[in-house]
Each structure stands twice: as structure tokens, then as C-alpha cells.
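Residue-level structure breakdown
Spelled out, the chains give:
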Amino acid sequence: MSATLSFTAPTAHGPQDVTLSYARLGAGEPLLLLHGIGHHRQAWDPVADILATEREVIAVDLPGFGQSAALPPSLPHDLPTTTAVLGAFCAALGLDRPHVAGNSLGGLLALEMGRDGLARSVTALSPAGFWSQAERRYAFGVLTGMRRTARALPLPLVERMSRTAAGRTALTSTIYARPARRSPEAVVAETRALAHAEGFAETLRAGRTVQFTDDVPGIPMTVAWGSRRLLVPRQGVRAKRVLPRARLVRLPGCGHVPMNDDPALVARVLLDGSRPQPASASRTTRSTVGL
């Protein structure tokens, strides 16, 4: 079910009214899904129905992305503010420390929520914040180029390109390992979402100095990485050093946004990550080979 929710967020800049768009389906323990920069909640569609068989799934458009308006002018689109907004969003929905999973920026936000005691487990798919400065500059350059292209392409051309495998590859191969599998409708929708994302520029600026350097003890943690580029797989090894208790999982054949590349594998990682884990699960397992 798609809906919007207006609520008051207690931010460092004082209480602020915010409205977010989200979809909610399924039954079970709550699982909050957070997308990456320039994307929208529909990025989770390939796995949502699978997850909904065992979880109550809440996929949200982050502030300034998808159908969610940007934050009020007095609020920055930075990590502390967005994390506080997401915590208030969960409270307004009556979610008591949901499981949280995120991709890219969403993965970093999931880790922030875990660190702040707002999540009962965290699963981060290719999360931001474990880069070197050279890797960050590369990723930001690619994202800026994608944004520029999305804004420059007329909608009829995007629609025409989306009808062929070659066109879908040209539009989305930076984030998908198997872009031809993406549906034409999804490619059009996410290209438009990137072009019209109000929060893109400020969110990217706020990320220039971001590094995630704190362990998150006390809750199950999973970090998973695709084998294709944008945020390169060696960043997963760095994440494991920062989060030594985390389960580190390789997603073979998947890109930076893995949900469409291998829905069954990603859904299994998300379901496993949102269950209580035995102590032995904190050790690096065979699934980390190749990272």
C-alpha cells in the first residue's frame, strides 16, 4: 500500500514538519528499506513480494527523492538530520526499532540508525562511507554524470531507449550488472526519479566528508557487496574491519544496486540478516571469499 505520512521530526535544528512517501506490505517483524542517492523506493520492488511473505515491509522514499519532498529549507540533507527524520518516521508509524536494510546511501543510513539504537538489525548492501577519498571522488563523479545525463535526456528518448536491451544498458549499466533484465517501465521511472530528485545536490555535497568509522555492537549486522563497480568490493573488507562482528557476504554477479540482478539471493540475505544470529555468525565465513 502506497501512502504519505506527515510528522514532526526532533532534529538538531529544532522540531520540523516533514512528509515522506512510503509503501507498506506483508506481515511479520517490520523491515524498513532505504534506497540510494538519486533512486526511489521502487528500487526494492524486485524483492519486496518475497520479503513480504515473512516480514512487514516498509519501503520509504528518502527526503528529496522519489515522491518525498525535500526537507524544509532550515534542515540540511546530511546524515544526522536524515537519520533523525527516519527515526521520527518509524515512531510515527508505531515501529519499535524495526530491522533496517539499505543500499548505498541507504546502507549508510541503516548503519547510522543501528549506531543510534533505532534498529534491531542492520543489513547494508554496498553501503557508502567505507571509501578512500579517491574512490569517493570517482563514485561522486559517476553519480554526477548520471544525474546530468538523466536531466538532459528528453522523456520520449528515454522511453525509446528503454524498449531495447542496448538502451537499458546505456541508461543503467553503472548500477546494474544485468541491466537488460530491468523492465522498460522501471528504467523510465528511475531515470525520471534521478532527474527530478530535489535532494540530490545537497545530499551529495553533505557526503564529501563522510566516513563510517564506528562499530555497531549489540545487534545483528550484515554487510553485502556486489562484484561490479561504483563502490568497489574492497570497501567491504574495510567495512569488516570497522564492524568486526558483522557477517560479510559476497553477491556474485550483482552490481551496485543488486536487488534486480539476483532477487532471490538478495531477498535471502535480507531475511537472514533480519533474524537473530548465533555468535558464530559474526565470524567471516566462506561467503566472503573474493571480496
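Residues numbered from 1 in each chain as written. Predicted model: local features only at pLDDT ≥ 70, side-chain atom pairs only at ≥ 80, totals over all residues. Heavy atoms only, no water.

Looking now at the overall build of the chain. A count of helices and strands for the chain gives ten helices and eight strands. For the chain, the C-alpha atoms occupy an extent of roughly 50 × 45 × 40 Å along the three principal directions. The burial tally for the chain puts 56% of its 291 residues in the buried class. Considering only contacts in the chain between residues 6 or more positions apart, those separated by 24 or more positions represent 72%. Accessible surface for the chain amounts to roughly 12,000 Å². Of this, 54% is attributable to carbon and sulfur atoms. Each charge sign in the chain was given a centre, from 33 positive and 22 negative side chains, and these centres are 9 Å apart. (Helix = DSSP H or I, 4+ residues; strand = E, 2+ residues; numbered from the N terminus. Buried < 20%, exposed > 50% of the residue type's maximum accessible area, 1.4 Å probe, protein only. Contact = heavy atoms within 4.5 Å. Areas by Shrake-Rupley, 256 points an atom, 1.4 Å probe, with all protein chains shown as cover. Lys, Arg positive; Asp, Glu negative; His and termini not counted. Charge placed at Lys NZ, Arg CZ, Asp CG, Glu CD.)

A few words now on the environment of Leu271. Along the polypeptide, Leu271 turns up in helix α10 (residues 263-273). Given the relative accessible area of 1%, Leu271 is considered buried. With 216 residues separating them in the primary sequence, Leu271 and Arg55 have C-alpha atoms 8.2 Å apart. Setting aside its immediate chain neighbours within four residues, Leu271 contacts Leu51, Glu54 and Arg55.

Here eight strands make up an open sheet; going across it, the order is β1-β2-β4-β3-β5-β6-β7-β8 and the pairing mixed. Two strands close off the open sheet at either side, each with one partner strand: β1 (2-11) and β8 (247-251). The average angle at which neighbouring strand axes cross in this sheet is 25°, direction not considered. Here ten bridges tie β1 to strand β2 (residues 14-26), and the two strands are oriented antiparallel to one another. Note on β2: the bridge partner recorded for Ser2 is Ala23. Its contacts with the sheet put helix α2 (residues 79-93) on β1, β2, β3 (29-34) and β4 (55-60), and the angle it makes with β1 is roughly 120°. (Pairing = 2+ DSSP bridges. Axes fitted to C-alpha atoms, helices over the stretch in contact; angles between N-to-C directions.)

By volume, the largest pocket amounts to about 640 Å³. Looking at the largest pocket, it is lined by 43 residues, and the ones nearest its centre are Gly36, Ile37, Gly38, Leu143 and Phe200. Contributing elements (two or more residues each) for the lining of the largest pocket: α2, α3 (105-115), α4 (133-152), α6 (165-172), α7 (184-196) and α8 (200-206). Of the residues forming the lining of the largest pocket, the biggest block, six residues, is contributed by α4. Of the residues that constitute the lining of the largest pocket, the class distribution is 27 nonpolar, 14 polar and two charged. (1 Å grid on protein atoms, 1.4 Å probe; cavity = no way out; pocket = protein on both sides within 12 Å on 5 of 7 lines; lining within 4 Å. Points joined across faces, edges and corners; volume = space filled by probe spheres on them. Nonpolar A, V, L, I, M, F, W, Y, C, P; charged D, E, K, R; others polar.)

We now examine the confidence of the model for the chain. Averaged over all residues, the pLDDT of the chain equals 91, while 93% of them reach at least 70. Residue range residues 279-291 is modelled with pLDDT below 50. Its contacts to residues more than four positions away, or to other chains, number 19 contacts. (pLDDT = per-residue confidence, 0-100.)

Phe7, Leu32, Leu34, Leu51, Phe89 and Leu243 are the most contacted members of the largest nonpolar core, which has 83 residues in total. At seven residues, the largest contribution of residues to this core is made by α2. Excluding its chain neighbours within four sequence positions, the residues that come into contact with Leu34 are Trp44, Val60, Leu62, Leu86, Val100, Ala101, Gly102, Asn103, Gly106, Leu109, Ala110 and Met113. (Core = buried A, V, L, I, M, F, W, Y, C linked by side-chain atoms within 4.5 Å.)

What follows is about the packing of aromatic side chains. Enumeration according to the criterion identifies four aromatic pairs in this entry. Between the aromatic rings of Phe7 and Phe89, the centroid separation amounts to 6.0 Å while the plane-to-plane angle is 55°, which identifies the pairing as tilted. Of this pair, Phe7 sits in strand β1 while Phe89 is found in helix α2, placing the two residues 82 residues apart along the sequence. With centroids separated by 5.5 Å and ring planes inclined at 75°, the aromatic side chains of Tyr22 and Phe89 adopt a geometry described as edge-to-face. Of this pair, Tyr22 sits in strand β2 while Phe89 sits in helix α2, and the two are 67 residues apart along the sequence. On the accessibility criterion, Phe89 (0% relative accessible area) is buried. Here the aromatic cluster, defined as three or more aromatic residues joined through ring pairs, consists of Phe7, Tyr22 and Phe89. (Phe/Tyr/Trp six-rings, centres within 6.5 Å; stacked < 30°, edge-to-face > 60°.)

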